[in-house]
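A closer look at the structure
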Amino acid sequence: MQTIGHSVARVDAVAKVTGKAQYPGDFNLPNQAYMKILFAGRPHAVIKRIDTSRAEALEGVIAVFTAKDVPVNEYGLIMPDQPVLCGPGSSKPFADRVRFIGDQVALIIADTEAIAAHGRDLIEVEYEDLPVITDPLKAMEQEAFLIHPDRDSNTFCHYRIRKGDIEAAFAQADVIVEGEYRTPAQEHAYLQPEAGVGYIDEEGRVTVTVAGQWTHEDQEQIAHALGLPLDQVRVIYPAIGGAFGGREDMSVQIVLALAAWRLHQRGIHRPVKIIWSREESIIGHHKRHPYILRTRWGATKEGKVIAAEVDLIADGGAYAYTSTKVQGNATLMCTGPYEIPNVRVDSYSVYTNNLPNGAFRGFGGPQGAFEAETQMNRLAELLGLDPVEIRLRNVLREGSLLSVGTPLPKGVSLPQVVEECARASGWEHTPEGWGRKPGQGLGKDGPRPSPSQQHLRTGIGFAASYKNVGFSFGAPEQCTAIVELHGNTEIERVVVHHAAAEVGQGTHTAIAQMAAEAVGVPMDRVELIVSDTAQAENSGSVSASRMTFMAGNSIRGAVEAALERWQAEERPAIATYVYRPPRTTPYDPETGKSEPNFAYGYVAQAVMVEVDTQTGHIQLLDVVCANDVGQAINPQQVQGQIEGAVVMAQGYAVQENFVQKDGYVQTQHLSTYLIPTILDIPDRVQSLILEYPDPIGPWGARGMGEMPLLPLPPAIIAAVHDATGVWFNEFPLTPEHVLRGLGKLA
C-alpha cells in the first residue's frame, strides 16, 4: 500500500487543532515549584559578589542556586565556552564574568511564580564593568580587550579556500564587480518561548520535559554539567511550537535539571517548572549571525565567472554556539551554486558582547547566498546578460568542481531547477539564450501589472541556491531507528522508536509514512514512540534539512532487518538499524580542499515586488519557488515548508530589524521587532515541487526545509533594483532604509 507521495493528514493535526497537544509550558505536575532566572542585565562585567540572603529569607522561596552549585560549570554545542551560571565559586576559569546581557547568574525556586520573581529581585549582585565590544571588526584588532581571557584572540575560527590563480584570473577578466554586503541578526520568534519542567522520574533519573532539536545532545550536555552518567539523565520532547535552529543550543534544559537534582539531594522531592516571557526569550537565546562580506568577482565578456574573492566576518556574539559550523556553510556558499575556477575565501568568526549567534534556518547559507547572488545579478547587468542566462552559463552540473576542489555528489539538478523556475516565471529560451519579453509579468499571467499610481513601481528579480543535507565537514553523522513488527499470521502493528524532534515541520508524519511504505501496511497500523531518550536511540539533530533523509534511511534499514526476523517466525520481530551516510571531510587548513557534504537540495526563485517610492514600503506581489526535493514524501507538507520559508525570508529581508546598541537589545518585544503577519505576506506563492531523485536518499528524497529561504533576499534586492535602479547592499529593507537608498532621507 503506497503512502509516500500522498498528502496524508498529519499525525498530530487533531491534537493540535483541538488543543489537546501539550507543549512544554502546559505540563503541570503535583506539588510543583516554580523557577525564575536572574539574568546578568549587562553586557560585560566581573561579578565580585552575590548576596542571596534576602531572597532565601523570603517566605515561599525554596532554594537559590548560583555558580557554586553547578558541578561542571560549562556547556556548548561546539565548544564548552559558556558557564551554566556566571559568578564566583566555580572551578571553571573566568566563570565569574558575564559576556552578554542574557548570561544566567542565579536560579530562584519558589512555591509560586510570583514569589520566585520577587525573590529574584531581592538578590544583590556587585559587578565590575569591563570594556564592551560590539563591533566584530574592532574585536578583531590585535589590541582589542579579550572577551575570553583564556584565548589569545577574539577571533575563534578562520577558514580559507585557495583554488586556482586568483590574481591571474582577475587580470584576464573583462569585468570586475566589487561590493561590501552586510546581513542582519534575526530573531526566531517561535510560538512558545522557552519552557519546561524538571523532575526525578520513577527510575530515579533526572528528567526534563522541554522543547529542543536533539534529545540526546541535550542529555549529554545536562549530564556533563551535572557530572552524571548519561543513563541518569532523561530528556523528553512533547509538542514543540517551532524551532528554526533557535532550540539547538541550551536555554532552560540544564538549569531545570540542576534545580530538580539539587532539590532532590536536599530531600525536597518537587518538580520545577519555568516559562520564559517573550522578553526573556529574546535576550536569552541566540540569533542569526550578522555577517560582513567583502568581495570582488571577475567575468569574461561571454558571461563566464572566472574569479571570486570573498572575505566573510561573522559576529559570533558572546559565545561560540554553532558559529564555526555556520561559518563553514557560509564559506562554501559565498561563491554561489557556480563552478568558478579561481577562488580565494577567508572567513572568520569573532567574539563580541552582543547576544550569541547560532543556528537559524539556512545556517550560513542565506548570508553567503545574498552576497553571491547579488554579485551574479550585478555582473549580468554590467554584461548586458539576462540573469537566468548568466546563471546557466556558470551553474554547477554533474561532475562540476566546487570551490573546495571536489565534485558535488551524484544527482545534481541545478540546471533543471533554474530552467523550470525560469519557464514558470515567464522566461523563454530562444536561439539567443534565455530572456523575458519587455513588460512581461511573473509567470504566465500576461503583462506585468501597471501600478495604480505613479509613485508605485514594480520589479522582478531572480536568484538560485543550494544547501547541504546533513552534517558537514567531517562532523559525525548517523541516525538510529528501532522497529517492532507485531501480529500473528500478518503484521497487525508496526511500532517505531525514533528520537527525531517534531518542531512543526511534519517529521513524525513523514516517519509514519516511510515506515508504512517500507513494511507495506496501511499507515494506521504504525505507532510512534518518539523524542524520549529513555525509549529511542540517538537520531541526531532536527537541523541541516537532514531528518527526512536520515530517518528514512534508518527506518528502511530497521524494517528490512525486522522483516527478515518476521520471515524467520520471530513474533514480535524487533530490529535496530544505524544509518551512516558517506563520510565528509573538514576544510584543509591551507587550501580548504574537502568533501563537505554527502547530499544537497537545489532551489531557484523569482519574485515580483511593488515599491512605494513615497513611503519606502515594499510589497511582495508574487513568488515562484522551484525546489528539487528528490521525492515529496508528503507534498502538502513540502508546499507548507516552501510557503513558510518564503514568509520567513521576507521577514528577514524586508521587515525584521533586530537592534542592539552597546550590548543592549532595543527590540525586545514583538511590538518593536516586527515579523510578517497575514497582511504582509506575498499575494501569491507558487510552489514548484520538483522530484529529481537523490541517489542515496530514501525513495530518492532530499531534505528541503531550509532551501526555499536562501534565494529570496537577493531575489528581492534584484527586484527592488529592477523597480528603482538602486542596488541595496544590506537589509532589512525597512521603509526608512529604502527611502535613504532612494536619496529621500539624509
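Everything in this summary refers to the structure shown in the same document. Keep in mind that what you see is a predicted model, and the values were worked out from it rather than measured.

Turning our attention to the overall build of the chain. Each helix and strand counted, the chain has 17 helices and 29 strands in total. Taken over C-alpha atoms, the radius of gyration comes to 26 Å for the chain, in line with the 27 Å a tight globule of 746 residues would show. Projecting the C-alpha coordinates of the chain onto the three principal axes gives extents of approximately 80 × 75 × 55 Å. When contacts within the chain are restricted to residue pairs at least 6 apart in sequence, those whose partners lie at least 24 apart make up 79%. When the accessible surface of the chain is summed, it comes to about 26,500 Å², and 49% of that surface belongs to carbon and sulfur atoms. Positive and negative side-chain charges in the chain, numbering 62 and 89 respectively, have mean positions lying 2 Å apart.

Another aspect to go through is helix α3 (residues 113-122). Turning to α3, its buried residues number three or more, namely A116, A117, G119, R120 and L122. Buried residues along α3 sit against β1 (33-39), β2 (45-51), α2 (53-57), β5 (104-110), β6 (124-129) and α8 (278-284).

Under the definition given, this model contains 42 salt bridges. Salt-bridge contacts for R120 lead to E280; the nearest nitrogen and oxygen are separated by 3.6 Å. Highlighted residues: R120 in helix α3 and E280 in helix α8, separated in sequence by 160 residues. For E280, a relative accessible area of 10% translates into the label buried. The network of salt bridges with common partners includes R162, E167, R296, E309, D311, R344 and D346.

Secondary-structure assignment places R684 in the loop between β28 (664-665) and β29 (685-690). Residues R684 and D622 lie 62 residues apart in sequence; the distance between their C-alpha atoms is 4.9 Å. Separated by 2.5 Å, the side chains of R684 and D622 make a polar contact.

With their axes 8 Å apart at the nearest point, helix α10 (residues 365-383) and helix α16 (residues 712-724) run at an angle of 35° to one another. The chirality of how α10 crosses α16 is right-handed. Contacts from A369, F370, E373, T374, N377 and E381 in α10 reach P714, I717, A718 and H721 in α16. Looking at the contact of α10 with α16 residue by residue, the classes come out as five nonpolar, three polar and two charged.

Spatially, the three strands line up as an open sheet ordered β4-β2-β6, and their pairing is antiparallel. With partners counted over all chains shown, the strands left at the sheet margins are β4 (97-98) and β6, one partner each. Here β2 pairs with β4 via two bridges, running antiparallel. Looking at the pairing, V46 lines up with R97 of β4.

Attention shifts here to the pairing of strand β16 (residues 343-351). Among the nine residues that make up β16, eight are buried, leaving the element largely enclosed by the rest of the structure. As paired elements, strand β7 (residues 155-163) and β16 share eight bridges and run antiparallel to each other. What sits directly across from C157, in β16, is S349. Inspection of the sheet shows strand β15 (residues 305-317) paired to β16 by nine bridges, in the parallel sense. When the sheet's bridge partners are listed, G317 is paired in β16 with Y351. For the crossover from β15 across helix α9 (residues 323-333) to β16, the handedness is right-handed.

Let us now look at the sheet that holds β1. Strand order across the open sheet formed by seven strands is β3-β5-β1-β12-β9-β10-β11, with mixed pairing between neighbours. Looking along the sheet, the strands with just one partner apiece sit at the ends: β3 (61-65) and β11 (233-236). When strand polarity is set aside, the average angle formed by the axes of neighbouring strands in this sheet is 20°. Taken together, the four bridges between strand β10 (residues 206-210) and β11 define a ladder with parallel strand orientation. When the bridges of β11 are listed, T207 appears paired with R234. Against the sheet, α3 touches β1, β3, β5 and β12 (272-275), its axis set at about 30° to β1. Along the sheet face, helix α7 (residues 253-265) touches β1, β3, β5, β9 (195-200), β10 and β12 and points at about 30° away from the line of β9.

The next point concerns the side chain of N597. Tracing the backbone shows N597 in the loop between β24 (573-579) and β25 (600-612). N597 sits in the buried class, given a relative accessible area of 6%. When neighbours within four sequence positions are excluded, N597 is seen to be in contact with L332, P409, N468, G470, F471, S472 and T584.

Further remarks concern the pairing of β15. Of all 13 residues making up β15, 12 are buried, and the element is well covered by its neighbours. Relative to β15, strand β14 (residues 291-299) runs antiparallel, the two sharing nine bridges. By the bridge assignment, R294 is partnered in β15 with D311. Hairpin connection between β14 and β15: a loop of five residues separates the two successive antiparallel strands, and G303 in this loop has a positive phi of roughly 90°.

Next up on the list: the packing of aromatic side chains. Across all of its chains, the model carries 14 aromatic pairs by this definition. Measuring from ring centre to ring centre gives 5.3 Å for Y466 and Y600, while their planes differ by 35°; the resulting arrangement is tilted. Residue Y466 is located in strand β20 (residues 456-468), and its partner Y600 is located in strand β25; the two are separated by 134 residues in the primary sequence. You'll find Y466 and Y600 in the same group, each marked buried.

Glancing now at the environment of V305. Checked against the element boundaries, V305 lands in strand β15. In the structure, V305 is positioned 74 residues away from L379 in sequence and 8.8 Å away in space, judged by C-alpha atoms. In contact with V305, not counting residues within four places along its chain, are W297, G298, A299, E339, I340, P341, M376, L379 and N394.

In this model helix α13 (residues 507-519) runs 18 Å from its N-terminal to its C-terminal C-alpha over 13 residues, within 8% of the 18 Å that 1.5 Å per residue would give. Among the 13 residues of α13, 11 are classified as buried, and the element is accordingly described as predominantly covered. When α13 is considered as a whole, its buried residues turn out to be T507, H508, T509, A510, I511, A512, Q513, M514, A515, A516 and V519. Those residues of α13 hidden inside the fold are in contact with β21 (479-487), β22 (491-498), β23 (526-530), α14 (547-567) and α15 (635-655). G520 lies just past α13 and shows a positive phi near 90°.

This paragraph deals with unusual backbone geometry. For the bond running from R571 to P572, omega is -5°, close enough to zero to count as cis. For the bond running from F731 to P732, omega is 15°, close enough to zero to count as cis. The backbone of F94 sits at a positive phi, close to 60°, despite the residue not being glycine. Here F94 shows up in the loop between β3 and β4.

Taken as a whole and judged by the stated rule, the model has zero disulfides. A disulfide-free cysteine, C157 has its sulfur positioned 14 Å from the sulfur of C334, the nearest such atom.

Note on placement: R525 falls in the loop between α13 and β23. Separated by 356 residues in sequence, R525 and A169 place their C-alpha atoms 61 Å apart. When sequence neighbours within four positions are dropped, the list of residues in contact with R525 reads E490, I491, E492, R493 and V494. For R525, the side chain forms a polar contact with the main-chain oxygen of I491, separated by 2.8 Å.

Procedures and definitions
Residues numbered from 1 in each chain as written. Predicted model: local features only at pLDDT ≥ 70, side-chain atom pairs only at ≥ 80, totals over all residues. Heavy atoms only, no water. Helix = DSSP H or I, 4+ residues; strand = E, 2+ residues; numbered from the N terminus. Rg over C-alpha atoms; globule rule 2.2 N^0.38 Å. Contact = heavy atoms within 4.5 Å. Areas by Shrake-Rupley, 256 points an atom, 1.4 Å probe, with all protein chains shown as cover. Lys, Arg positive; Asp, Glu negative; His and termini not counted. Charge placed at Lys NZ, Arg CZ, Asp CG, Glu CD. Buried < 20%, exposed > 50% of the residue type's maximum accessible area, 1.4 Å probe, protein only. Salt bridge = Lys/Arg side-chain N within 4 Å of Asp/Glu carboxyl O. Polar contact = N/O pair within 3.5 Å; in protein donor to acceptor, adjacent residues only side chain to side chain. Axes fitted to C-alpha atoms, helices over the stretch in contact; angles between N-to-C directions. Left-handed = near helix turned anticlockwise from the far one by under 90°. Nonpolar A, V, L, I, M, F, W, Y, C, P; charged D, E, K, R; others polar. Pairing = 2+ DSSP bridges. Right-handed = clockwise from strand over helix to strand, strands pointing away. Phe/Tyr/Trp six-rings, centres within 6.5 Å; stacked < 30°, edge-to-face > 60°. Expected span 1.5 Å × (residues − 1). Disulfide = S-S within 2.5 Å.

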